[in-house]
Amino acid sequence: MKENKKELLRVEGLKKYFNTPGGLLHAVDNVNFSINEGETLGVVGESGCGKSTMGRAILRLHEPTAGKVFFEGKNILEYDKNKMKHLRRDMQIVFQDPFASLNPRLTVSEAIAAPMLIQKLYTKKDKEALQKRVSELMEMVGLADRLKNSYPHELDGGRRQRIGIARALSLKPKFIVCDEPVSALDVSIQAQILNLMQDLQDDLGLTYMFITHNLSVVKHFSDNIVVMYLGQMVEMAPTETLFKNPVHPYTQALLSAIPIPDPDYPMNRILMKGEITSPIDPEPGCRFYKRCPYAKDCCKNPEIGLREVEPGHFVSCERIGDPELSENR
Amino acid sequence: MAENNKLLEVKDLVIRYETDDGVVEALNGVSIDIYTGKTLGLVGETGAGKTTLAKGILRLIPSPPGKIVGGEVIYDGKDLLKISEEEMRKIRGKHISMIFQDPMTSLNPVMTVRDQIMEVILQHNRISKKEAEKRAEDMLELVGIPAERGHEYPHQFSGGMKQRVIIAIALACQPKLLIADEPTTALDVTIQAQVLDLIQKLKTRDNTSMLLITHDLGVVAQTCDYVGIVYAGEIVEYGTLREVYKDMRHPYTKGLMASIPNLVENVRRLQTIEGLMPDPTNLPKGCKFSDRCKYATDKCREKVPEMVNVGGEHMVRCILAQQEK
């Protein structure tokens, strides 16, 4: 079924390093994946694993250090400023923190109109047409018309996030990077926003890259999932497969750590040793080595890379196939 | 549960904040019991009044604007709201201690972590500095931090380790009751698992009771014996973990459960609770949830429903549950 789907975005060997006083910080290190039109790719990992940096590098909000990003078949990293600006109509982002990502001095309607004015879809003279479009967008994301002249500080987190979504939608994009769009919201509001995003995807045929640390959200939302650890992809698979058959020890530990709201659910958390290690000048070999319960000397091999364990399911682990690994499932 | 192992009893606690924009009715008659060695989980959304309750128990409500309007907090036969500030200081940290939500901001940045643990030990015990030092180092080891890191400052620690330091401070005097206000919310899931595991271990060791405040229904399911669901400053449902999770009665509890994306089953659309939490300066007259409730009738809006026992220790604040009964 998926074969005849059109690929919208393909990322090859994407790297983003930052120079820091302590050394070179490998925020995103050699990431490869693709997303088909109308689908959602979930990107999960803990804080500091580089998932947000990756989202931004794809949109060139951080200029990548190396690699290629193909959008509709063209490598956008070769685009100049003008072409890039034009491309932003197709590629948008919804930010994590609805409290920090809105200009406090713009009203709701001004905030939503801003991207369209910047992209010159409307000029200041077409006031009426622009206002009509703003009202349309507000309705689409479920914001009452009376809030048009409100300022962000008067609104709660859920409504602010709706503004962020309306802004992203205003340019009729094909692809949206959603960077933890519901993490700052209460569960009942979170469900409202997730449903909204799903409806919009169905109606407008949007393609999402959904970045989050919340595995239950990602499971609910994604077709495919990428698990990241310290800048690298450790596992990639269709959602169902990943949850049924997690192969990488990190994915296994991550899945086992989610608290399930059911007292009868058997709890066997795999507790990892220690905490995430430093991404500055990492040692060669598996970056999960120090915390991995199954680590052996062979894990220090410099080139591990992703290997396909079943169709569509890629894992980066030296010990794939080792019976010890599959015990904990 | 027998009366005699009740450690702490909150009766009808009412707390308000008097602000320029009106009176915030943060807590409207909350009653809870905490039993020795047991954990009570309080679940609710932002602004439900969970933290106000925790601070109310320890008399840490900033005043003004906060004001404890009525109620009792009975601990060890005494009403904590009536004792002197001096006596209260002896309770805090020694008998009842608290873990605050944000590990990044609740440590003193200009004191070494060992000194911060020592502070509470010296406050409550007549022992020499040397001994206190030793105990502080033992505490660090106990929470999984090498003792030699004791002379480091909070900024040299990661979030998970800071939270461990805070746990060490909270448990240094082996309190009877630990109040944990969203202890793992700021942490990643794998670190959360480590911290919850640690709290559980230490709790069992000292037979400590715990009041766990969280918005995460999953965390509650894994750590608590009793659950209270808080909405707009009231407990709307209360019972043992199993009673509440397996036989939820209040429409808000049901809505809350249904709105979490489920890892076990597949649902295409999440159920939502329409609308928002009511403004605490202008609460509805009757049931606080009536504006968002699918089943609400005019009767619900007339007066605040009573807590009704629906079997066992299971209590619900809803007219419909009363009728079902």
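Please refer to the structure higher up on the page.
The structure displayed is predicted, hence computed values, not measured ones. (Residues numbered from 1 in each chain as written. Chains lettered and ligands numbered in written order. Predicted model: local features only at pLDDT ≥ 70, side-chain atom pairs only at ≥ 80, totals over all residues. Heavy atoms only, no water.)

Draft legend 1. Summary view of the overall build of chain A. Counting its secondary structure elements, chain A contains 10 helices and 12 strands. For 329 residues, the compact-globule estimate of 2.2 N^0.38 gives 20 Å, and the C-alpha radius of gyration of chain A, at 21 Å, lies within 12% of that figure. Restricting to contacts in chain A with at least 6 residues of sequence separation, those with at least 24 account for 65%. With the model as given, the accessible surface of chain A reaches about 14800 Å², and the carbon-plus-sulfur share is 49%. (Helix = DSSP H or I, 4+ residues; strand = E, 2+ residues; numbered from the N terminus. Rg over C-alpha atoms; globule rule 2.2 N^0.38 Å. Contact = heavy atoms within 4.5 Å. Areas by Shrake-Rupley, 256 points an atom, 1.4 Å probe, with all protein chains shown as cover.)

Draft legend 2. The side chain of Q198(A), seen in detail. Position of Q198(A) among the secondary structure elements: in helix α6 (residues 187-204). Excluding its chain neighbours within four sequence positions, the residues that come into contact with Q198(A) are H220(A), F221(A), R268(B) and R269(B).

Draft legend 3. Spatial organisation of the pairing of strand β2 (residues 23-36) of chain A. Residues and elements named next belong to chain A. Relative to β2, strand β1 (residues 7-20) runs antiparallel, the two sharing 10 bridges. Bridged to L9 within β2 is I35. Connecting β1 to the next strand, β2, in antiparallel fashion are two residues. (Pairing = 2+ DSSP bridges.)

Draft legend 4. Broad picture of the environment of E274(B). Within the secondary structure, E274(B) sits in the loop between α9 (251-258) and α10 (298-302). The spatial distance from the C-alpha of E274(B) to the C-alpha of C293(B) is 8.2 Å, given a sequence separation of 19 residues. Discounting chain neighbours no more than four positions away, the residues touching E274(B) are Q192(A) and R292(B). A polar contact is formed between the side chain of E274(B) and the side chain of T272(B), at a distance of 2.9 Å. (Polar contact = N/O pair within 3.5 Å; in protein donor to acceptor, adjacent residues only side chain to side chain.)

Draft legend 5. Molecular detail of the packing of helix α3 (residues 113-124) of chain B against helix α5 (residues 159-171) of chain B. Residues and elements named next belong to chain B. Orientation of α3 relative to α5, taken along the N-to-C sense of each, is 20 degrees, at an axis distance of 8 Å. Relative to α5, α3 is oriented roughly parallel. Pair α3 / α5 crosses with right-handed handedness. Along its contact with α3, which presents V113, Q116, I117 and V120, the element α5 presents V165, A168 and I169. Residue classes in the contact of α3 with α5 are distributed as six nonpolar, one polar and no charged. (Axes fitted to C-alpha atoms, helices over the stretch in contact; angles between N-to-C directions. Parallel < 35°, antiparallel > 145°, perpendicular 65-115°, else oblique. Left-handed = near helix turned anticlockwise from the far one by under 90°. Nonpolar A, V, L, I, M, F, W, Y, C, P; charged D, E, K, R; others polar.)

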